[in-house]
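Examination of the molecular architecture
Listed below, chain by chain, are the residues.
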Amino acid sequence: MADESLLSDDLLRQLVAVGHVDILVGIPTLNNATTVVDVVRAAQAGIGGYFPRARSVIFNADSGSDDGTPDLVRDATTDDTGTVTASRPLRTTQRITTPYHGLPGKGSAVRMIFAVADLLSADAIVVLDPDVISLTPEWIPALVRPVRDTTADIVAPLYPRAPADGPLVTQLVRPLVRAAYGWRLQEPLMGEFGCSRRFAGHCLERPAWGSGAIPDGVDLWMTGEALANGFRPAQTALGPRLLARARTRPGLPDVFQQVMDAVYACLEMHDSYWLTRGPAQPVPCTGTLPGAVEVGPRPDVTGMAQAFARDVVALHPVLQKILSDATLAGVTAAATAPGPLVYPDELWAATVFEFLLAYHRAVMTREHVAQTLLPLYLGRTASFLQQYGSSGPAVVQDALESLGQAFELAKPQAAAQWKKA
Amino acid sequence: MTQMVADAVRQVGVNFVDTVTMLLPRILITVSIVAVGWVIAWALKWAVRWLLIWLRFNHGCDRIGVGAVLKTADLPPADILVSLIVFWLVWVGFMLSGVDVLGFTALEGMVRSFALFVPRLLVAIVILVLGVVCANFAWRATLIAAVNARVPSPRVVSGAVRALVLILAGAMALDQIALARTIVLTAFAIAFGAVMLGLAIAFGVGGGGIARRILDHWFPEPGRAEHEEFRHL
């Protein structure tokens, strides 16, 4: 049940006037004036084109934009010169925009979206990323249908990715979630997702959500909550995910820290589940699988490989506190070996798990643990791109499958040490 | 005349015997106090050691870096060191109490001075331990940040940071126990000032190019680091 203190009196009045809805599309925003109008139009067109009979609302939770984003959401129209809508919806899609208060960040916005969905008894909830400029109306039915058909409680996206695209996901988060949670989810960091009211209600009941214990990576937390609590996952093919160029985007160290904190927090919260979880199962997939992404020339990662060699030597005294002797010897050998950098899958899996154990044992502050892993992650990325940077999708897919299996093989030992710690 | 000298010598002898007679019990008491003090100090040493083992004190010291410092300095492990300090503090206290019983004017007040000195010594030890912890933390934070920021010679930079913090902690500890206070403060001020001046000259005059490259890295123009050429999420 939603905590009604999340919702102001004014908002409650608006929501009561809306009544029950079938579909709620939530858009958390913060200074997205350049992109939000297209997102709203695409959502509107998706609902109108594919769910003409559905009662729906587009709900915008804004965390204090100063560029007029809420006004743009409210005033965005679907009329666009040159666009002819093939069908007209039978119902009007309500649109509500409101500021949210409390802890800044996407987590608070999504919590408010879930609270509104719970109040409106929305059968299907979709949360969109307002920064995505490649969002099409077809994304809405792709994310909604599995929930409305009651075949899934949470629907994760599937994007086509080039080999150099999203290594933090493909090299670290995806194989780790696969090994730990036992599901082959391609995009655990769900930029946009669909879910059922049952799942939203479950998340709202988690006391940690309002207390700040949920890390900034709320997407990963929701993935973990869904997988660890028996909710049915699905993934659906969407198009390429292109983001607007932000004026300011956090640097890689901050992003990496955030992701590692989220990963660790999830593993700690759900350890009673993943410590005993067996081999990974496939996640049901709907829609046409993403087509091949045009692969350009292999990115030049020579500098990254050289930096990796220097960084491993420089960080050796710190790595000694985190890695086992065998793993450290392997990493040092990989870093200092002549020729192209090769960071094997098994060694990388062992590295990641030992870093997570270091987190768990608090051998040093968590910020130091995460920042020490960063150069190793860049080395692994350089190694992967040197081998597969210009390979075709099938070869890359096989390589990533091999990486996932390496993580699964490394998990039992890590689980045993986690329990001991 | 002869009788007078003999009487004087006899009187001196009697006085000496009287003094020894009066002093002997005090010496016996002093020896007893020292012996009992040794037994108590020995018992306390083992009690403290057992308590520290039960509290996994060595493990905690290893985690904060004190264990490594002791190993480098060829000192015994932390629990043995602490128990030894307790032993010597207690026994020296008993020894000074025993010396006080002897009643030598020149030695009066030693117990009081020692009692005033012990808390300052303990505070100095705490300052040193905290200094080691802070130095290790600063070293590690600097090393990791320097590596990720592509600062040249990250180990030199982080080592220098650790050395500076340790020197500062050492100077504070020595000042606390008032050991060669003027010399320590003056030497510290001269050394610290010289290091800062040297760094300023080296960096400003000799390292202008490096400074420019570092600043360019921290405040980059368009044209980013290799790993920022593709998106990571």
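Residues numbered from 1 in each chain as written. Chains lettered and ligands numbered in written order. Predicted model: local features only at pLDDT ≥ 70, side-chain atom pairs only at ≥ 80, totals over all residues. Heavy atoms only, no water.

A tally of helices and strands in chain B yields 8 helices and 0 strands. Secondary structure of chain B in N-to-C order comes out as α-α-α-α-α-α-α-α. Relative to the globule expectation of 17 Å for 233 residues, the C-alpha radius of gyration of chain B, 30 Å, shows a markedly less compact shape. Along the three orthogonal principal directions, the C-alpha set of chain B runs to about 110 × 50 × 25 Å. The buried share of chain B, taken over its 233 residues, is 23%. In chain B, of all internal contacts separated by at least 6 residues, the share reaching a separation of at least 24 is 67%. Summing over all exposed atoms, chain B offers an accessible surface of approximately 15200 Å²; the carbon and sulfur share of this is 75%. For chain B, the centre of its 18 positive side-chain charges and the centre of its 13 negative side-chain charges are spaced 5 Å apart. (Helix = DSSP H or I, 4+ residues; strand = E, 2+ residues; numbered from the N terminus. Rg over C-alpha atoms; globule rule 2.2 N^0.38 Å. Buried < 20%, exposed > 50% of the residue type's maximum accessible area, 1.4 Å probe, protein only. Contact = heavy atoms within 4.5 Å. Areas by Shrake-Rupley, 256 points an atom, 1.4 Å probe, with all protein chains shown as cover. Lys, Arg positive; Asp, Glu negative; His and termini not counted. Charge placed at Lys NZ, Arg CZ, Asp CG, Glu CD.)

All names here are of chain A. On the basis of which strands lie adjacent, the open sheet formed by 8 strands has the order 3-2-1-4-7-5-8-10 and mixed pairing. Of all strands in the sheet, those bounded by a partner on one side alone are strand 3 (94-99) and strand 10 (285-286). Note that strand 1 (residues 23-29) and strand 2 (residues 56-62) share 7 bridges and pair parallel. In the strand pairing of strand 2, glycine 26 is matched with phenylalanine 59. Here helix 2 (residues 36-50) sits on the sheet and contacts strand 1, strand 2 and strand 3; the angle it forms with strand 1, its principal contact strand, is near 175°. Of the strands in this sheet, strand 4 (124-127), strand 5 (154-158) and strand 7 (193-196) touch helix 7 (residues 197-205), which is tilted by about 90° from strand 7. (Pairing = 2+ DSSP bridges. Axes fitted to C-alpha atoms, helices over the stretch in contact; angles between N-to-C directions.)

A separate point is the confidence of the model for chain A. All names here are of chain A. For chain A, per-residue confidence averages 87 on the pLDDT scale, and 89% of positions sit at 70 or higher. Mean pLDDT across the elements of chain A ranges from a minimum in helix 8 (residues 208-211), with 66, to a maximum in strand 4, with 96. Between residues 80-87, whose pLDDT stays under 50, and residues either more than four places distant or in other chains, the model counts 3 contacts. (pLDDT = per-residue confidence, 0-100.)

As a further point, take the pattern of salt bridges. Between side chains of opposite charge, a pair can form as their charged atoms come close. For the structure on display, the rule yields 19 salt bridges over all chains. Across the pair A:Glu192 and A:Arg241 runs a salt bridge whose closest N-O atoms are separated by 2.6 Å. Of this pair, A:Glu192 sits in the loop between strand 6 (183-184) and strand 7 while A:Arg241 sits in the loop between strand 8 (233-237) and helix 10 (252-269), and the two are 49 residues apart along the sequence. Residue A:Glu192 is classed as buried on the basis of its relative accessible area of 0%. Residue A:Arg241 is classed as buried on the basis of its relative accessible area, which comes to 12%. Among the salt bridges present, the one from B:Arg150 reaches A:Asp311, with a minimum N-O distance of 3.0 Å. On the criterion of chain membership, the pair formed by B:Arg150 in the loop between helix 5 (110-148) and helix 6 (154-176) and A:Asp311 in helix 12 (residues 302-314) is interchain, its members lying in two chains. (Salt bridge = Lys/Arg side-chain N within 4 Å of Asp/Glu carboxyl O.)

Residue and element names in this part refer to chain A. For chain A, the assigned domains are domain 1 (4-286) and domain 2 (302-420). Placing the centre of domain 1 and that of domain 2 at their C-alpha centroids yields a distance of 31 Å. Taken together, the contact pairs 31 residues of domain 1 with 34 residues of domain 2. Summing both sides of the interface, domain 1 and domain 2 together bury roughly 3000 Å²; the carbon and sulfur share of this comes to 67%. (Domains from an automatic or database assignment. Buried area = accessible area lost by both parts, 1.4 Å probe.)

Turning our attention to the nonpolar core. All names here are of chain A. The biggest cluster of nonpolar side chains holds 120 residues, and the ones touching the most others in it are Leu24, Phe114, Ile125, Leu172, Trp348 and Leu376. When residues of this core are assigned to domains, at least three map to each of domain 1 (4-286) and domain 2 (302-420). Contacts of leucine 376, omitting those with residues within four sequence positions, involve Phe308, Val312, Leu319, Val331, Tyr343, Trp348, Thr351 and Phe355. The next biggest cluster of nonpolar side chains, apart from the first, holds 31 residues, and it includes Ala124, Val126, Leu128 and Val147. (Core = buried A, V, L, I, M, F, W, Y, C linked by side-chain atoms within 4.5 Å.)

Turning our eyes to something else, we now look at the packing of helix 16 (residues 366-388) of chain A against helix 17 (residues 393-420) of chain A. Residue and element names in this part refer to chain A. Across the interface, helix 16 lies against helix 17 with an axial gap of 11 Å and an inter-helix angle of 145°. Between helix 16 and helix 17 lies a crossing whose hand is right-handed. Of the residues in helix 17, those in contact with Arg380, Phe384 and Tyr388 of helix 16 are Val395, Val396, Ala399, Leu400 and Leu403. For the contact of helix 16 with helix 17, the residue count by class is 7 nonpolar, no polar and 1 charged. (Left-handed = near helix turned anticlockwise from the far one by under 90°. Nonpolar A, V, L, I, M, F, W, Y, C, P; charged D, E, K, R; others polar.)

All names here are of chain A. Applying the stated rule across the entire model yields 0 disulfides over all chains. For the unlinked cysteine cysteine 195, the closest cysteine sulfur is that of cysteine 203, found at 7.1 Å. Among the cysteines around cysteine 266, which has no disulfide bond, cysteine 203 carries the closest sulfur, lying 11 Å off. (Disulfide = S-S within 2.5 Å.)

The accessible area lost on association of the parts is a frequent measure of interface size. Listed by partner, the interface residues are 42 residues for chain A and 19 residues for chain B. Summed over both partners, the interface of chain A with chain B comes to about 2500 Å²; 60% of that surface belongs to carbon and sulfur atoms. At the boundary of chain A with chain B, the tally comes to 1 salt bridge. Summed over the shared surface of chain A and chain B, the number is 5 residue pairs in polar contact (both at pLDDT 80 or more). Elements with a minimum of two residues in the side of chain A that touches chain B: helix 6 (167-181), helix 10, helix 12, helix 13 (316-322) and helix 16 of chain A. Sort the elements by how many residues they give to the side of chain A that touches chain B and helix 16 of chain A lands first, with 9 residues. (Polar contact = N/O pair within 3.5 Å; in protein donor to acceptor, adjacent residues only side chain to side chain.)

Any two aromatic rings considered together are summarised by their centre-to-centre distance and by the angle between their planes. Residue and element names in this part refer to chain A. Applying the stated criterion across every chain yields a total of 19 aromatic pairs over all chains. Between phenylalanine 114 and phenylalanine 193, the aromatic rings sit 6.3 Å apart at their centres with planes inclined by 85°, giving edge-to-face as the arrangement. Of the two residues, phenylalanine 114 sits in helix 4 (residues 106-119) while phenylalanine 193 sits in strand 7, which places them 79 residues apart along the sequence. The buried category is assigned to phenylalanine 114, whose relative accessible area is 0%. With relative accessibility at 0%, the residue phenylalanine 193 sits in the buried group. Taking 6.0 Å as the distance between ring centres and 40° as the angle between the ring planes, the aromatic pair formed by tyrosine 264 and tryptophan 418 counts as tilted. (Phe/Tyr/Trp six-rings, centres within 6.5 Å; stacked < 30°, edge-to-face > 60°.)

Atom-level detail of predicted coordinates should not be read off regions where pLDDT is low. A residue-level look at chain B finds 91% of positions with pLDDT of 70 or above and a mean pLDDT of 84. Here the prediction assigns the complex a pTM of 0.81, and the interface score ipTM is 0.79.

All names here are of chain B. A rise of 1.5 Å per residue sets the reference length of helix 4 (residues 78-102), with its 25 residues, at 36 Å; its end C-alpha atoms lie 36 Å apart and thus fit the reference within 8%. Looking at the packing, one finds that the buried side of helix 4 touches helix 1 (2-54), helix 2 (57-64), helix 3 (66-72) and helix 5. A positive backbone phi angle near 80° is found at glycine 103, which sits one or two residues after helix 4. (Expected span 1.5 Å × (residues − 1).)

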